[in-house]
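# Survey of secondary and tertiary structure
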Amino acid sequence: MNTPRKRVVVAGGGTAGWLAATALVRQLSGLIDVTLVESEEIGTVGVGESTIPTIRTFHEFIGVQENDFVRATHATFKLGIGFENWDRLGDHYFHPFGSVGRSTFVADFQHFWLEGRKAGFGGDYGDYSLEQQAAMAGRFGASGDNSLGYAYHLDASAYARFLRGVAEGAGARRVEGRIASVEQDGESGDITALVLASGERIEGDLFIDCTGFRGLLIEQTLKTGFEDWSHWLPTDSAFAVQSEATGDPVPYTRAIAHGEGWRWRIPLQHRVGNGIVYDSNFLSDGEARDRLLQSLDGPPLFEPRLLRFTAGMRKRVWNRNCLSLGLASGFVEPLESTSIHLVMVAVTWLIQNFPFGPDNTAVADWFNARSRHEWEHVRDFIVLHYAMTHRDDTAFWRERAAAAIPDSLAARIQLFREAAIAYQSQDDLFRVDSWVAVLIGQGVWPERHHQLPAMLPKPQLQAALNDLRRNIVGAVERMPSHAARLAQIADETREREVL
Ligand SMILES: Cc1cc2nc3c(=O)[nH]c(=O)nc-3n(C[C@H](O)[C@H](O)[C@H](O)COP(=O)(O)OP(=O)(O)OC[C@H]3O[C@@H](n4cnc5c(N)ncnc54)[C@H](O)[C@@H]3O)c2cc1C
């Protein structure tokens, strides 16, 4: 017997809404109908321009070609994040994508590197990252057998428009209008329809709340509750402004700490995205705005826009027949740019475990547990940057250094301190190399490491480490500049259009 087609209603057309609609129609169009409701009058949050490498897998999943995407969203390539002033004023470290050095089955690379450092020839951890060296040299592209781990910087509004084109082309229906009320079944409490200001009713079986911070369905209607993490991540405000580009875009995001938070700099092909994130208990809005404007390299393109947020997540991201995605489901902090990734993972899990039955309680429970694990892992990684600071120049940083941290993070830090062990469990986003780069960058030095590398004769270890570094230097020299690679993509796209 055929199951009737499920009616999926996506509320909201920001990055989250259009990502969900695109993936759902691309993968399940024979089984479901997808309708997306959005309101131009309300608009989108307009930020969210730095991504992580999982975006490429997701694009493959939904059939998006890299060149089309790069052209449509004025994207640049991102090889990692440069952190300035996080551990101490004036210091600098890099969190690269891709793997660092070469691990063995017995011991991860950091143990070999630490042994090399002990012997005086290890250099910096980042010397063994192709991505970091390419980023510092402003290069990007294929180089022999060396493939790069990379993501993109993108124009958020252009990305939502691009996805909309793909989704509508694949059969998603878009309805313009403001959702005025949400109808629920009197007995079960399930959502039955969205009622628009025009009076139109959009009925559905599964509702996806992508209405941003307001969480119109998941919170305002279903009263799901929010788990507040602001005691661990107290920044609560940001100003965002775009500025004119003044030079070639660098292939990495800059995260520059200031006295009461940090600033981002995200270079696109046609402009630069800038923002300042801060704790409003320590810095006034006026001071934050001025600090941001004074830091710009080029003239601002419009007035800075103020955004307020609270770090945390919904107690259940999936409640009754409603799954929340994007800002409606919560927000950790823009540092490490994980929010769009969390949308992509959740949409992928939804597609892989779509609720076709009349009772989906077990699916929702399982989904919630899995999401919680993922979110808490991301939260811990971000808290690490604040908690392990050695800055004591402002009250904000002194408070961060002294604040309690989640037990799960404390255990990780202790493991690294004691034995240089970092790990990635199933469903964890951040790899061993990422944890090591940030732990070391924040000045967490292990007391001991695995003794296998100490068994190697020192000249052999030194030669192996030198080889790794030499290969990277050679590979970077053979790469085109980032600007040249972007120009090449523009040419390729133009040629295809002419043909
Ligand atoms: C300061 C800051 C910096 C960030 N930086 C990054 C980053 O670098 N990388 C990253 O991955 N993420 C980042 N994020 C998060 C990222 O911006 C979001 O995850 C992403 O944009 C998705 O937003 P959204 O679609 O959930 O919400 P929104 O963009 O707010 O979209 C909400 C949608 O709902 C619609 N809507 C709302 N109410 C109604 C209604 N009543 N009727 C009809 N429609 C309605 C709106 O019109 C809109 O279409 C950042 C967030 C902030 C706050």
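Okay, so let's go over this structure.

Scoring rules and cut-offs
- Residues numbered from 1 in each chain as written.
- Predicted model: local features only at pLDDT ≥ 70, side-chain atom pairs only at ≥ 80, totals over all residues.
- Heavy atoms only, no water.
- Pairing = 2+ DSSP bridges.
- Helix = DSSP H or I, 4+ residues; strand = E, 2+ residues; numbered from the N terminus.
- Axes fitted to C-alpha atoms, helices over the stretch in contact; angles between N-to-C directions.
- Polar contact = N/O pair within 3.5 Å; in protein donor to acceptor, adjacent residues only side chain to side chain.
- Core = buried A, V, L, I, M, F, W, Y, C linked by side-chain atoms within 4.5 Å.
- Buried < 20%, exposed > 50% of the residue type's maximum accessible area, 1.4 Å probe, protein only.
- Salt bridge = Lys/Arg side-chain N within 4 Å of Asp/Glu carboxyl O.
- Parallel < 35°, antiparallel > 145°, perpendicular 65-115°, else oblique.
- Left-handed = near helix turned anticlockwise from the far one by under 90°.
- Contact = heavy atoms within 4.5 Å.
- Nonpolar A, V, L, I, M, F, W, Y, C, P; charged D, E, K, R; others polar.
- Near = heavy atom within 4 Å.
- Areas by Shrake-Rupley, 256 points an atom, 1.4 Å probe, with all protein chains shown as cover.
- Patch = residues over 30% accessible without salt bridge, like charges linked within 9 Å, V, L, I, M, F, W, Y side chains within 5 Å.
- Phe/Tyr/Trp six-rings, centres within 6.5 Å; stacked < 30°, edge-to-face > 60°.

## Some details on the sheet that holds strand E17 (residues 305-308)
One open sheet holds the seven strands; their spatial order is E5-E4-E14-E15-E16-E13-E17, and the pairing between them is mixed. Taken across any chain shown, the strands that pair with only one partner, and hence form the sheet edges, are strand E5 (92-96) and E17. For this sheet, the mean angle separating the axes of adjacent strands, direction not counted, is 20°. Where strand E13 (residues 237-244) meets strand E16 (residues 271-278), eight bridges bridge the pair, whose relative direction is antiparallel. Directly across from serine 237, in E16, lies its bridge partner tyrosine 278.

## Concerning the environment of lysine 78
Checked against the element boundaries, lysine 78 lands in strand E3 (residues 76-78). On a C-alpha basis, the gap between lysine 78 and histidine 153 in space is 6.3 Å, while along the polypeptide they are 75 residues apart. Of note is the side chain of lysine 78, whose polar atom sits 2.8 Å from the side chain of serine 337.

## As for the nonpolar core
General note: in soluble globular proteins, nonpolar side chains tend to be found buried as a group. Of all hydrophobic cores here, the largest spans 131 residues; its most connected members are Leu24 and Trp86. Residues Val9, Val175, Leu196 and Phe207 belong to the second largest nonpolar core, which totals 16 residues.

## So, the pattern of salt bridges
Per the counting criterion, the structure on display carries 34 salt bridges. Where aspartate 33 meets arginine 5, a salt bridge forms, and the shortest distance between an N and an O atom there is 2.8 Å. Here aspartate 33, found in strand E2 (residues 32-38), pairs with arginine 5, found in the segment before strand E1 (6-11); they are 28 residues apart in sequence, far enough to count as distant. Overall, arginine 5 belongs to the partly exposed group, its relative accessible area being 39%. When salt bridges with common partners are traced through the structure, they connect Arg7, Glu183, Arg201, Glu203 and Asp205 into a single cluster.

## Re the packing of helix H10 (residues 361-387) against helix H13 (residues 432-441)
With their axes 9 Å apart at the nearest point, H10 and H13 run at an angle of 25° to one another. Classified by the angle their axes make, H10 and H13 are roughly parallel. Handedness of the H10/H13 crossing: left-handed. Between H10 and H13, the contacting residues are His377, Asp380, Phe381, Leu384 and His385 on the first element and Ser434, Trp435, Val438 and Leu439 on the second. For the contact of H10 with H13, a count of residues per class yields five nonpolar, three polar and one charged.

## Details of the pairing of E16
The element E16 is extensively covered by neighbouring structure, given that eight of its eight residues are classed as buried. The side-chain alternation of E16 yields two buried faces, one formed by Arg271, Gly273, Gly275 and Val277 and the other by Val272, Asn274, Ile276 and Tyr278. Both strand E15 (residues 261-267) and E16 contribute to a ladder of seven bridges, which runs antiparallel. Across the sheet, tryptophan 262 pairs through a bridge with valine 277, a residue of E16. Hairpin geometry of E15 and E16 is characterised by an intervening segment of three residues between the two adjacent antiparallel strands.

## What to know about the site of the ligand
Near the ligand there are 34 residues, and of these Gly13, Ser50, Ile179, Ser339 and Ile340 occur at the shortest range. Here isoleucine 340 contributes a backbone N or O atom positioned 2.8 Å from an oxygen atom of the ligand. Within the complex, the protein chains bury 97% of what would otherwise be the 1,000 Å² of accessible surface of the ligand. Within the residue set of the shell around the ligand, elements represented by two or more residues are helix H1 (15-28) and helix H9 (339-352).

## Some details on the side chain of asparagine 67
Residue position: asparagine 67 is located in helix H3 (residues 66-72). Setting aside its immediate chain neighbours within four residues, asparagine 67 contacts Ile489, Glu492 and Thr493.

## Structural notes on a nonpolar patch on the surface
Side chains of Phe105, Val106, Leu452 and Met455 sit close together on the surface and give an oily, nonpolar patch of about 520 Å² of accessible area. Within the element layout of this structure, leucine 452 appears in helix H14 (residues 452-455). Judged by relative accessible area, which is 34%, leucine 452 ranks as partly exposed.

## What about the packing of aromatic side chains?
According to the stated counting rule, one finds 32 aromatic pairs in the structure shown. With a centroid separation of 5.8 Å and 85° between ring planes, the pair formed by tryptophan 349 and phenylalanine 367 is classed as edge-to-face. On the criterion of sequence distance, the pair formed by tryptophan 349 in helix H9 and phenylalanine 367 in helix H10 is long-range, its members being 18 residues apart. Note on accessibility: tryptophan 349 and phenylalanine 367 belong to one class, buried. Considering the side-chain rings of phenylalanine 381 and phenylalanine 430, the 3.9 Å spacing of their centres and the 25° angle between planes classify their relative orientation as stacked. Within this pair, whereas phenylalanine 381 is found in helix H10, its partner phenylalanine 430 is found in the loop between helix H12 (407-419) and H13, the two being separated by 49 residues in sequence. Note on accessibility: phenylalanine 381 and phenylalanine 430 belong to one class, buried.

## What about the pairing of strand E4 (residues 80-84)?
With five of five residues buried, E4 is to be regarded as a mostly interior element. Sheet topology note: the E4/E5 ladder contains five bridges and is antiparallel. In the strand pairing of E5, isoleucine 81 is matched with histidine 95. One ladder, built from four bridges, connects E4 with strand E14 (residues 253-258); its direction is parallel. Within the sheet, the bridge partner assigned to glycine 82 lies in E14 and is arginine 254.

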